[in-house]
Amino acid sequence: MDANLIVENLKKQIQGYQSQTKMEKVGKVVEVGDGIAKIDGLSDCLMAEILDFGDNILGVVLNLEEDIVGAMIMGDCSKISQGQIVKSTGRILEVPVGHGFLGRVVNPLGQFLDAKPEAKPEAFYPIEKIAPRVITRQRVSRPLQTGIKAIDAMIPIGRGQRELIIGDRKSGKSALAIDAIVNQKTEGVICIYVAIGQKESKIAQTVQELTERGAMDYTIIVLAGASDPSSMLYLAPFAGCSMGEYFMDKGKDVLVVYDDLSKQAVAYREISLLLRRPPGREAYPGDIFYLHSRLLERAACLNEKYGGGSLTALPIIETQAGDISAYIPTNVISITDGQIFLETDLFFQGVRPAINTGLSVSRVGSDAQIKAMKQVAGKLKLEMAQYRELAAFAQFGSDLDKDTQAQIERGKRLTEVLKQDQFSPMPVEQQVVLFFAALRGYLDNISVDKIRVFEKEYLRFMVGQKSEILETIKKEKVLSPETEAELVKVIEEFKSFTPVLPV
């Protein structure tokens, strides 16, 4: 070979050479166990920063101490050993978001858990985000129709509200939330169901139920299962909220269900105790209130200048023996705009949904109802409260006057009207005509055990032969005197040819 040619080639390679140095911030694991690692040497890392332990295992910084950093591990901590090198990524924990996640089951890191093809994210949102400020918000005034008669009539929920669902285990909390999701099919609301510490078999059943009813098309399920590490249970609600905020920023209405925050609080307590944070009441860390408040404050109804979107939160809390004065329940009650209290005794009496109307409240109130519902159901909660009080008094067997007896009989019929099967949400216009009949006394001469039959036949008659009245209520959202007069005629006509049992 020609020596000059070799020299020329070498010169070209030397001239084109660029030094590629890469600087990485690294630390060393000094202690690891139970999903927690303590790392030395990462003096300038950030709170909630992602750390790379290698072997596709990530961690999140939660403690910034004088000499060491405390991090929770999102993965199998058995693969991490003392002395192992940890890299700082410089990235704050974020989750992929986008329309491609609708109809999918994902984990809190946005990784798909179902067998469908991968979908590309449209953006990345930080898991921790400052809640929308007062100047960006507007008053909660648009109703979020759940399709559940007892809620839409007595404890209305508005778009942008935070309404707590609270009760003992197996009292129907998740069923209420799932029914609310199913009812959004015609409402144009995107739903996110965050399952925290639940059995994966139960979630598979929920996915199947939602799919059969066409609700998975607009729903994302964020799953941190019972077998997942505490870090995933802690992050799941924040991940679900971030996914919802993406759609809210696009001007859409979003419903997020956190099922349930009791398990997130327990997971956070476990992480905090392992990180050697000082325990407080019931061994929870001092910032347990802040954990839930910074999550639930992100629910908002934005004004038109900021897109006009909304994010409604339905957190769920499990009580022990109906004790709503315990630590976590009182914390979340004080953060939210009302609560729906489910009572086990009512559940076993066959009153389902088992809503205790006395302890349940919506602090937004009738602002979150259409005018037609206000007109017919305004006195419903008072009637139910008076009935409960009189029914308790009547148990003593004393003689009751006619007015008291009439009120108790009316209350029994209203209780039957408020009963509802799961996965059978009712459109608001049908609720209006039903409560109109019940509260105007048209059911008073019908036997209590025939109320459910009457309701079914009456609504079938309205939908089949008098649908124009339902369309008018749906369109105008108000009961005009003409519509009321028409409804009275229809009810009397229906009762005239429908065999009903007298009292």
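The preceding data block contains the structure.
Thresholds applied
Note that residues are indexed from 1 along each chain, following the sequence as it is written. It should be noted that, the model being predicted, local features are given only for residues of pLDDT at least 70 and side-chain atom pairs only at 80 or more, the latter also being counted only at that level, while totals for whole chains, interfaces and linings use all residues. Hydrogens and waters are ignored; side-chain quantities use all the structure's heavy atoms. Think of it this way: any DSSP run of H or I at least four residues long counts as a helix, any run of E at least two long counts as a strand, and we number them from the N terminus. Type-normalised accessible area, obtained with a 1.4 Å probe on protein chains alone, sets the label of each residue: buried when under 20%, exposed when over 50%, and partly exposed for intermediate values. Any two residues whose heavy atoms approach within 4.5 Å are treated as being in contact. With residues, only the protein chains shown are counted as cover, and all accessible areas are computed by Shrake-Rupley using a 1.4 Å probe. The term salt bridge refers to a side-chain nitrogen of Lys or Arg lying within 4 Å of a carboxyl oxygen of Asp or Glu. Put simply, a patch holds well-exposed residues, over 30% relative accessible area, that have no salt bridge, with like charges counted together within 9 Å and Val, Leu, Ile, Met, Phe, Trp or Tyr side chains within 5 Å. Charge assignment: positive for Lys and Arg, negative for Asp and Glu; neither His nor the chain ends contribute. In plain terms, the charge of a residue is placed at NZ if it is Lys, CZ if Arg, CG if Asp and CD if Glu. In this description, the arc belongs to the directions extending from the helix axis to the C-beta atoms. The set of buried Ala, Val, Leu, Ile, Met, Phe, Trp, Tyr and Cys residues whose side-chain atoms join them within 4.5 Å is what this entry labels a nonpolar core. Pairs of strands are assigned from DSSP output, requiring at least two bridges between the strands. Axis lines are fitted to C-alpha atoms, over the contacting stretch for helices. Their N-to-C directions set the angle, which ranges from 0 to 180 degrees. Disulfide assignment relies on a single distance test, namely cysteine sulfur atoms paired within 2.5 Å.

Asker: Any chance you could explain the overall build of the protein chain here in plain terms?
Answerer: Within the protein chain one finds 16 helices and 17 strands. The buried share of the protein chain, reckoned over its 503 residues, is 53%. The contacts in the protein chain between residues at least 6 apart in sequence include a share of 74% that link residues at least 24 apart. Here the protein chain displays about 23,800 Å² of accessible surface, and carbon together with sulfur accounts for 52% of that area.

Asker: How should I be thinking about the pattern of salt bridges in this particular structure?
Answerer: Side chains that carry opposite charge are capable of pairing whenever their charged atoms lie near each other. Counted according to the given criterion, the structure contains 25 salt bridges. In this structure, Lys412 and Glu409 form a salt bridge, with 3.6 Å as the shortest nitrogen-oxygen distance. Of this pair, Lys412 and Glu409 both sit in helix α12 (residues 402-418), three residues apart, roughly one helical turn. Given a relative accessible area of 29%, Glu409 falls into the partly exposed group. Several salt bridges converge on common partners, so that one network encompasses Arg142, Arg159, Glu187 and Asp253.

Asker: Mind showing me how you'd approach a positive patch on the surface here?
Answerer: On the surface, Arg169, Lys170, Lys199 and Lys202 cluster together to form a positively charged patch. Within the element layout of this structure, Lys202 appears in helix α4 (residues 200-212). Under the relative-accessibility criterion, Lys202 is labelled partly exposed at 34%.

Asker: Help me understand a negative patch on the surface, please; the structure alone is not making it clear to me.
Answerer: Together, Asp40, Glu65, Glu66 and Asp67 give the surface a local cluster of negative charge. The residue Glu66 is located in the loop between β4 (57-64) and β5 (68-74) in this model.

Asker: Quick question: what am I supposed to make of helix α15 (residues 467-476) here?
Answerer: Along α15, the residues classified as buried are Ile469, Leu470 and Ile473. Each buried residue of α15 sits inside an arc of 100° when the element is viewed along its axis, so together they form one side. The inward-facing, buried residues of α15 abut α10 (371-377), α13 (428-439), α14 (451-465) and α16 (481-497).

Asker: In this structure, what is going on with the nonpolar core? I would like to understand it.
Answerer: Soluble globular proteins tend to pack their nonpolar side chains together in the buried interior. Counting residues in hydrophobic clusters, the biggest one holds 74 residues, and the most contacted among them are Leu255, Ile340, Met373, Leu380, Phe435 and Tyr458. Of the residues forming this core, the biggest block, nine residues, is contributed by α13. With residues up to four places along the chain from it excluded, the contact list for Tyr458 reads Val433, Leu434, Ala437, Leu487, Ile491 and Phe494. In terms of nonpolar packing, the next biggest core, distinct from the first, is built from 62 residues, Ile127, Tyr258, Leu275 and Phe341 among them.

Asker: Please explain the sheet that holds β4 as it appears in this structure.
Answerer: In a beta sheet, neighbouring strands pair by backbone hydrogen bonds and run either parallel or antiparallel. Reading around the circumference, β1-β2-β5-β4-β3-β6 is the order of the six strands in this closed barrel, with antiparallel pairing throughout. For this sheet the average axis-to-axis angle between neighbouring strands, irrespective of direction, equals 45°. Examined bridge by bridge, β4 and β5 share six bridges and lie antiparallel to one another. Each bridged residue has a counterpart across the sheet, and for Val60 the counterpart in β5 is Met72. Lying on the sheet, helix α5 (residues 230-249) is in contact with β4 and β5; it crosses β5 at an angle near 85°.

Asker: It is not clear to me how a nonpolar patch on the surface should be interpreted in this structure. Could you clarify?
Answerer: A surface patch of nonpolar side chains, amounting to about 290 Å² of accessible area, comprises Ile6, Leu10 and Ile14. Tracing the sequence through the fold places Ile6 in helix α1 (residues 3-16).

Asker: Just checking my understanding: could you explain the state of the cysteines for this structure?
Answerer: What we call a disulfide is simply a covalent bond connecting the sulfur atoms of a pair of cysteines. Taken as a whole and judged by the stated rule, the model has zero disulfides. Cys45 provides the cysteine sulfur closest to Cys77, a residue in no disulfide bond, and the two sulfurs are 19 Å apart. For Cys301, which is in no disulfide, the shortest distance to another cysteine sulfur is to Cys241 and amounts to 15 Å.

Asker: Quick question: what am I supposed to make of the side chain of Lys466 here?
Answerer: Of note, Lys466 is situated in the loop between α14 and α15. Looking at Lys466, the relative accessible area reads 16%, which means it is buried. Filtering out sequence-adjacent residues up to four positions away, Lys466 remains in contact with Phe461, Val490 and Glu493.

By themselves these figures say nothing about function.
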